[in-house]
Amino acid sequence: MYNAITRSVSYGNPVSSATVKRYLFRIVFGLFLFLTGFSFAVAQDLTKNYSRLSSSGNLPTFFVENFQTKIKAEGEIIRSKNDSTLREREDFTSENIFDTDRLIRSGNVLFNDSISRYVNRVLDEILKNDVPLRSKLQLFVVKSVSTNAFSFDNGIILINTGLLSQLENEAELAFILCHELVHYRKRHSVNAYLNYVNLTNNSYRKTSNHEAVLNYSRDQETEADTAGLAMFRTTSYDYCAVRSAFDVMQYAYLPFDEQPFPKTFFEDKNLKFPADYFLDKTASIKNEDNYDDSKSTHPNIRKRRSSVLRLLDSTCYNSGRKRFLVSESSFLRSRELARFETCSLYLLNLDYADAIYSAFLLQQRYPDNLFLKKVIAKALYGIAAYKETNYGTHFKNDVFSADSRYELKAYDQVEGYSQQVYYLFHKLSSEEATVLALRYSWKLHTSLDYRDKELAPICDSLFAFLVMAERKGPSDFSTKTRLEVIHDDSLLALTTSHHPASDTASIASNKYERIKAEQRKDGLKTDEPVDLADFTEYAFADLLKDKNFSARFQFFVNRKAEKGSLDNYESYQEKEKDAHRELKNGKALGVNKVVIVEPFYYRVKAEGNQKLDLDGTAKGILELRKTIKEDAAKAGIDYVAIDPQQMTAGETDRYNDFSKINDWFSERLLHGYHAGILASCSEEMKQLAARYGSPYFLWTGVISMHKGSLGSKGTFIYVVLYDVTNETPLFAESRQVHMKDSPAMLHSNFYDIFHQFHQQPRKKKADKAITN
Amino acid sequence: MKRSICILFFLFIAAVLPAQKAPGYRGHRLFLLYDFQFHPDISHYTPSINLLVNANASYPKTTFLYSHSVALDYVINRHSSLGLSAQFLSFSGTYTPETINYNGTGYYVSFYLRRFKARKNAIAPLGKYLKPEISMLYYSGMQGTSAMTTFHSGPQVGLSYSVGRTYIVFNHLVIDRGIRFSLLNLYHTMEVRDQGHQSAEPAAAAVLNNQYVNLYVGIGLLP
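Parameters at a glance
- Residues numbered from 1 in each chain as written.
- Chains lettered and ligands numbered in written order.
- Predicted model: local features only at pLDDT ≥ 70, side-chain atom pairs only at ≥ 80, totals over all residues.
- Heavy atoms only, no water.
- Patch = residues over 30% accessible without salt bridge, like charges linked within 9 Å, V, L, I, M, F, W, Y side chains within 5 Å.
- Areas by Shrake-Rupley, 256 points an atom, 1.4 Å probe, with all protein chains shown as cover.
- Salt bridge = Lys/Arg side-chain N within 4 Å of Asp/Glu carboxyl O.
- Helix = DSSP H or I, 4+ residues; strand = E, 2+ residues; numbered from the N terminus.
- Buried < 20%, exposed > 50% of the residue type's maximum accessible area, 1.4 Å probe, protein only.
- Contact = heavy atoms within 4.5 Å.
- Core = buried A, V, L, I, M, F, W, Y, C linked by side-chain atoms within 4.5 Å.
- 1 Å grid on protein atoms, 1.4 Å probe; cavity = no way out; pocket = protein on both sides within 12 Å on 5 of 7 lines; lining within 4 Å.
- Points joined across faces, edges and corners; volume = space filled by probe spheres on them.
- Axes fitted to C-alpha atoms, helices over the stretch in contact; angles between N-to-C directions.
- Parallel < 35°, antiparallel > 145°, perpendicular 65-115°, else oblique.
- Left-handed = near helix turned anticlockwise from the far one by under 90°.
- Nonpolar A, V, L, I, M, F, W, Y, C, P; charged D, E, K, R; others polar.

**Notes on a nonpolar patch on the surface**
All names here are of chain B.
1) Next: There is a patch of nonpolar side chains on the surface, built from Ile-76, Leu-82, Leu-84, Val-109, Phe-111, Ile-134, Met-136, Leu-159 and Leu-183 and spanning about 770 Å² of accessible area.
2) Next: Taken together, the elements giving at least two residues each to the nonpolar patch come down to strand S3 (80–95), strand S4 (100–116) and strand S5 (127–143).
3) Next: Among the secondary structure elements, Met-136 is positioned in strand S5.
4) Next: A relative accessible area of 44% places Met-136 in the partly exposed class.

Okay, here's the thing in structure tokens:
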């Protein structure tokens, strides 16, 4: 099977051939492949805060046009050129447009934001002498941490924020765009497909076919590099950027900068990490540029670099060439925005250690930036939440499985200074991580006069972790600072030694106590805190003097004592008792209005290669929308649809909302069955819930298979309903129906689903008894 | 009769009134169903019951067996519906070696529970189902054309089990198909008048034969 990743041609990291086999999974969750960010058209003061980027202006034509219209237009162009491969070209173009369309409208693509405007100006500069070519191209920025760029045969070029965050100058960006332009001009995507078809038709040896496909792909990449250099030479950009562009690629797996992470970053007088929680020396960067590329779509970096530099050295002179032609300040600004965005994207991807390290790097220049502080608070919260194993609301079913559980990447797999962060969180116990997170979050919350709506639920959640999972209360933490305790103990020891008659049986006669007293005296003399295993004991010494902190802590302790469990953190076991009744009568959620987020429909011809039936898919999505509309009304559900496929040019705000919703949902999917963990953008979702008049957001879709693993035919229906204000999945089912997706079958299922949403909750026996 | 009509009327009203927010197919819970049941030719069936007729008679090959039923089906929850079915059966045959024709009719009243397969994600009243059923059966017939040679069964109790599937088209038409297995000889008596004893036994065989294994197709209406 030949998937979209290989159909587009990418600049950066090679694409593993193993991904080619994951087509169906990509269909289901293709929406969430690129995680997100936003750009804001208005300039923001990064010294104070950062607002995530968002698109502005009108939605571009490509965003609002139906994919069938695009396919039809491209088909006419292809048919106008008589060719023996006409059918294959048409097939490829259709699927390629469909995939591009999905990606473009995934909510992860930015348009008319400050970064997009800047990169488009760079493209204008490169093609200032080739206006006809420029007019065929549309360049967009994708919110993704991946260091990559893509071009498609329909003239769409995408560049990731992850790549922009790593660049050193505009000339590097120009060289990368030249590389992508060659892919477009040479029609590498469709040619790769034709090569694949040709190999498949003429040979039964699949292994050699696979190798031949990869060889062909590597040849195309080499051509894009060398021909890209030729195009680059027509510009006035500095040749040095060609060399450094390959450095960007080689070290793309590292954060956007390398600076030592100090032990003191989280420490203060009341919180000191034991010495062994930090590495003496982090792992050096050992990246090899001459790696085995036989299973890669791209040649290795050394080959790419040498093939290009060979041409460059012999013929090029750098005089008069510049690293910045459009604007240095715009480049630096765009890169900075991309780096800030990267912090958000790391949070969304649950890459908490990377989020902290990236925020730390940016804090060197923006120490007072609130966004960065919140990134750190959220990342600490995420780590604490996942350290608290076997705790929290577990919503385990066929949609949310335990397999998707987050795990911190092993520190020994990390190179560079960021390894220190991984190591620290590897060493921290669940209690220590929670205490650290609560301490950091509460101090930040205090500095904002307790008014921040994002930090309040984070702190509450951390209090709940401490009380419920760690069984700790305020009395388990010292109200005296470490130094106060040392001072008191030392005075006691000294007093005792001056009056040996007072307790000769205990301190004076006890060798070990005398040793400890001597050590304490040393501590007092030097004022250096001692490394204690339980460093969390003193962590709240100053916070417990804050009445708000003590009261909130005690509030959770009291609630636990009263109720036995906290409402939001009860075990899912309780809910399973109702499973039988729910099977019989369905759930009864009492929902009156839902926000339906881009219902999807795919019809798959499951004949070996699981090809999409594009015509069937186009008809099916219309039928599905109609079904949802009618059945929601029948069941008494009011709804708002947020569907980029139905948006008009003026609905950019709704597109931005869609993007935020997708960010949140992508993160929630990564959290798997851990329903009790707050998402990093939960406050934004609450605002959206208020804007759309309902906290209930529904994600649903249908995959119809003809001749699949289900037998002759079958249909999958996915339904996930969230109460986004408390991040609880109320309804999550993947239905595998052994029937064709006839209108009646869809009606039957969607009415059943909406009916369950709308049914008023039944009173439990206990509730009835209380009522009586 | 009036009472039955009243009950049906109230059932119908109860089904239609809350149709906007109730289980069933888009809120429609009640449907009328007509089934045509037929029997692939199973020859020389030997009844196991002890009939009060000539035990040495040979048994005829039945020529055609079919029945019609009308059912009123009411969805009670996501995966179940209850139903009341009235079935009309007609049969005819030839008694050998004397070559005496006989024919007759039968009536059933059945009460059933249709369980739609939750694991197959069938939602009542659409999809695959299993249908246990209890029936009361009565049949009568005559030999040749003479009204003097008649036979009548006493009331019989039967149990049936069906495996079937329903489809819905145009949102209001129900298509039903399946196979039914029955045991009707749980309790049996027969009254034979005059010379009818020659056809009573094959007639009983025909009726029971028909009901052991039935294929059926039907069409229904969701009001």
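**Describing the environment of Leu448(A)**
All names here are of chain A.
1) Next: Within the secondary structure, Leu-448 sits in the loop between helix H18 (430–447) and helix H19 (455–469).
2) Next: Here Leu-448 falls in the partly exposed class, since its relative accessible area comes to 24%.
3) Next: A sequence separation of 78 residues divides Leu-448 from Leu-370, and the C-alpha atoms of the two residues are 9.7 Å apart.
4) Next: With residues up to four places along the chain from it excluded, the contact list for Leu-448 reads Leu-370 and Leu-455.

**Some points on the nonpolar core**
Residue and element names in this part refer to chain A.
1) Next: Among the nonpolar cores identified, the biggest contains 118 residues, and Ile-126, Phe-232, Phe-266, Phe-273, Phe-425 and Phe-540 are the most heavily contacted of them.
2) Next: If you tally residues by element for this core, the top one is helix H16 (residues 370–387), at 13 residues.
3) Next: Setting aside its immediate chain neighbours within four residues, Phe-540 contacts Val-435, Leu-438, Arg-439, Leu-466, Phe-477, Ser-478, Phe-549 and Phe-553.
4) Next: If you look at the next biggest cluster of nonpolar residues, it comprises 38 residues, including Leu-59, Leu-103, Ile-642 and Met-647.

**Points about empty space enclosed by the protein**
Residue and element names in this part refer to chain A.
1) Next: Throughout the structure, instances matching the rule amount to seven cavities of 30 Å³ or more.
2) Next: Considering the residues around the largest cavity, the lining is formed by 13 residues, among which Lys-378, Ile-458, Leu-678, Ala-679 and Ser-680 are closest to the centre.
3) Next: Contributing elements (two or more residues each) for the lining of the largest cavity: H16 and H19.
4) Next: By residue number, the principal contributor to the lining of the largest cavity is H16, which donates three residues.

**Focus on the pattern of salt bridges**
Residues and elements named next belong to chain A.
1) Next: Under the counting rule described, the total for this entry stands at 40 salt bridges over all chains.
2) Next: For Glu-733, the salt bridge goes to Arg-735, with nearest N and O atoms at 2.6 Å.
3) Next: On the basis of relative accessibility, which here comes to 21%, the residue Glu-733 falls in the partly exposed class.
4) Next: Taken together, the salt bridges that share partners define one network made up of Asp-247, Glu-288, Asp-289, Arg-302 and Arg-305.

**Description of the packing of helix H6 (residues 114–126) of chain A against helix H14 (residues 328–348) of chain A**
Helix packing geometry: the angle between the two helix axes and the distance between the axes.
Residues and elements named next belong to chain A.
1) Next: Contact geometry for H6 and H14: axes closest at 9 Å, N-to-C directions at 135°. With respect to each other, H6 and H14 are oriented oblique. Where H6 crosses over H14, the handedness of that crossing is left-handed. Between H6 and H14, the residues in contact are Ser-114, Ile-115, Tyr-118 and Arg-121 and Ser-330, Phe-331, Ser-334, Leu-337 and Ala-338, respectively.
2) Next: In the contact of H6 with H14, the residues fall into five nonpolar, three polar and one charged.

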